[in-house]
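Tertiary structure, described
What follows is the residue order along each chain.
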Amino acid sequence: MGFHCYYAGKDLKIVYISSLENKRRDVKTGLPDRKGRTFIFGSPVFFIGKNFSLFAYILEQKRVCFAYVLKQIALFNIYTLIGGMPEVVRNYAFDGDIVSLNRVYETMLEGYRDDVEKYAKGGVLSDVIRYILTEGWAFAGQSITLGSFAGSPYKAREVGEAFRTLAKTLLLELVYPTTSASVPLVSDLKRSPKLLWLDTGLVNYAAGLQREIFGASDISDAWRGMIAEQVVGQELLALSNKVSQRRHFWMRGKVGSSAEVDFVYLYDSKIIPVEVKSGHNAKLRSIHSFMDEAPHEWAVRVWSGNYSVDEVKTSKGKSFHLINIPFYYVGSLEIILSKHIKSSAN
């Protein structure tokens, strides 16, 4: 689907939200075939066609008007609240009624629960999947423990199998850390993963967070920052149309260290740290720890502030470039990294 808009003298084709309705099935599990699945995460505003980006044009400008910034923040906050599921976007675009979307969310959740028997043929696995689909939404963006997940009586092996089954539906992903700041990017499966769901709109509805998100002026502060991590993870996944794409975060491998970076992104054979946080540069201790180990000089902070680049020095004396991007620019991270990293190499 798509539409044209006329912006600053340019006719731009904006492509958005492909269908979730592809019904090809995996013969063994009855789950949607990952190669046949055609959905992409995003919104009418924030998922832009790969061949022509509105953000690419904006980034070329020396100055961006304040009204544009305020509008993009407002739109992205709405996107964070309602998500990017096609039926939700279609209904919201028609009448702008957020409350009426709850009927759509509930229908979707009922559909997922009714499909449990397609995922697992009875037994404990079915029970665990139902439990995750009921209680798991409240753990979006958080590190989880598989054993006794969410206060359940289920063992780590049972919960792990249930999560892996649901991951095949692309409804969620267990995001594992890497302990390396240089390629190759390898998951450490011995450490606790983060739980990221398909869509923020579903998370907000199922976890009862809609009122808090709706009233937040800064999504970094809403729900202890968890929904900000969820939506950034969602946007990072949308940067690639590869169904094999996996997200990662970083944990320092040193025993006793608590340093952790929210996400890492592989770009041009560089593992780029991506921290979702407001505040002073000196307080970004985990990024400082990462950069001390990294063989490059680039880091990204996602926040509600302005798009800018800071020159920062770690406590060990290493200098690096910190690219600060607003939430609504995460979907253009590839463009932004290319703009800065390639230009610095010339």
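Everything discussed here concerns the structure shown above.
Now for a quick tour of the structure.

Rules used in this analysis
- Residues numbered from 1 in each chain as written.
- Predicted model: local features only at pLDDT ≥ 70, side-chain atom pairs only at ≥ 80, totals over all residues.
- Heavy atoms only, no water.
- Helix = DSSP H or I, 4+ residues; strand = E, 2+ residues; numbered from the N terminus.
- Buried < 20%, exposed > 50% of the residue type's maximum accessible area, 1.4 Å probe, protein only.
- Contact = heavy atoms within 4.5 Å.
- Areas by Shrake-Rupley, 256 points an atom, 1.4 Å probe, with all protein chains shown as cover.
- Pairing = 2+ DSSP bridges.
- Axes fitted to C-alpha atoms, helices over the stretch in contact; angles between N-to-C directions.
- Parallel < 35°, antiparallel > 145°, perpendicular 65-115°, else oblique.
- Left-handed = near helix turned anticlockwise from the far one by under 90°.
- Nonpolar A, V, L, I, M, F, W, Y, C, P; charged D, E, K, R; others polar.
- Phe/Tyr/Trp six-rings, centres within 6.5 Å; stacked < 30°, edge-to-face > 60°.
- Core = buried A, V, L, I, M, F, W, Y, C linked by side-chain atoms within 4.5 Å.
- Expected span 1.5 Å × (residues − 1).
- Salt bridge = Lys/Arg side-chain N within 4 Å of Asp/Glu carboxyl O.

Quick notes on the overall build of the chain
Along its length, the chain carries 12 helices and 12 strands. Within the chain, the proportion of its 346 residues that are buried is 50%. Sequence-distant contacts, at least 24 apart, represent 60% of the contacts inside the chain between residues at least 6 apart. Entry remark: accessible area of the chain is about 16,800 Å², with carbon and sulfur atoms responsible for 53%.

Some thoughts on the pairing of strand β9 (residues 270-276)
In terms of burial, β9 is largely enclosed, as 6 of its 7 residues are buried. Taken together, the 5 bridges between strand β8 (residues 260-267) and β9 define a ladder with antiparallel strand orientation. For Y265, the partnering residue across the bridge sits in β9 and is I272. Linking β8 back to β9 in an antiparallel pair, the connection comprises 2 residues, with D268 at a positive phi of about 50°. The pairing of β9 with strand β10 (residues 298-303) spans 3 bridges and is classified as parallel. Residue pairing in the sheet places V274 in a bridge with V300 of β10.

As for the packing of helix α6 (residues 123-135) against helix α7 (residues 156-168)
Their axes nearest at 9 Å, the elements α6 and α7 cross at an angle of 70°. With respect to α7, the element α6 is oriented roughly perpendicular. By crossing handedness, the relation of α6 to α7 is classed as right-handed. Packed against α6, whose contacting residues are V124, L125, V128, I129, I132 and L133, the element α7 presents E158, V159, E161, A162, F163, T165 and L166 at the interface. Class assignment for the residues of the contact of α6 with α7 results in 10 nonpolar, 1 polar and 2 charged.

A few points about the packing of aromatic side chains
Within this structure, the stated rule accounts for 10 aromatic pairs. Both rings, one in F76 and one in Y79, keep their centres 5.4 Å apart while their planes meet at 75°; by these two values the pair is edge-to-face. Here the residue F76 and the residue Y79 both occupy positions in helix α2 (residues 66-82), the gap between them amounting to 3 residues, near one helical turn. A single burial state applies to F76 and to Y79, both of which are buried. Geometrically, the ring pair formed by Y131 and Y154 is edge-to-face, given 6.0 Å between the ring centres and 75° between the ring planes.

So, the nonpolar core
Residues Y112, I129, I132, F163 and W197 are the most contacted members of the largest nonpolar core, which totals 44 residues. Those residues in contact with I129, other than ones at most four positions away along the chain, are V116, Y119, A120, A162, T165 and L166. By size, the runner-up hydrophobic cluster in this structure holds 33 residues, among which are A228, V232, Y328 and Y329.

Some words on helix α4 (residues 101-114)
Every α-helical turn comprises 3.6 residues, leaving residues that sit three or four positions apart pointing alike. Under the 1.5 Å per step criterion, the end-to-end length of α4 is 20 Å for 14 residues, consistent within 8% with the ideal 20 Å. In this fold, the buried residues of α4 make contact with α2, α3 (86-95), α5 (116-119), α6, α8 (200-206) and α9 (210-214).

Topic: the pattern of salt bridges
In total, this model carries 14 salt bridges according to the counting rule given. Among the salt bridges present, the one from D262 reaches K194, with a minimum N-O distance of 3.9 Å. Placement of D262 in strand β8 and of K194 in strand β6 (residues 194-197) is noted, with a sequence separation of 68 residues between them. Taken individually, D262 and K194 each receive the classification buried, so the pair is uniform in this respect.

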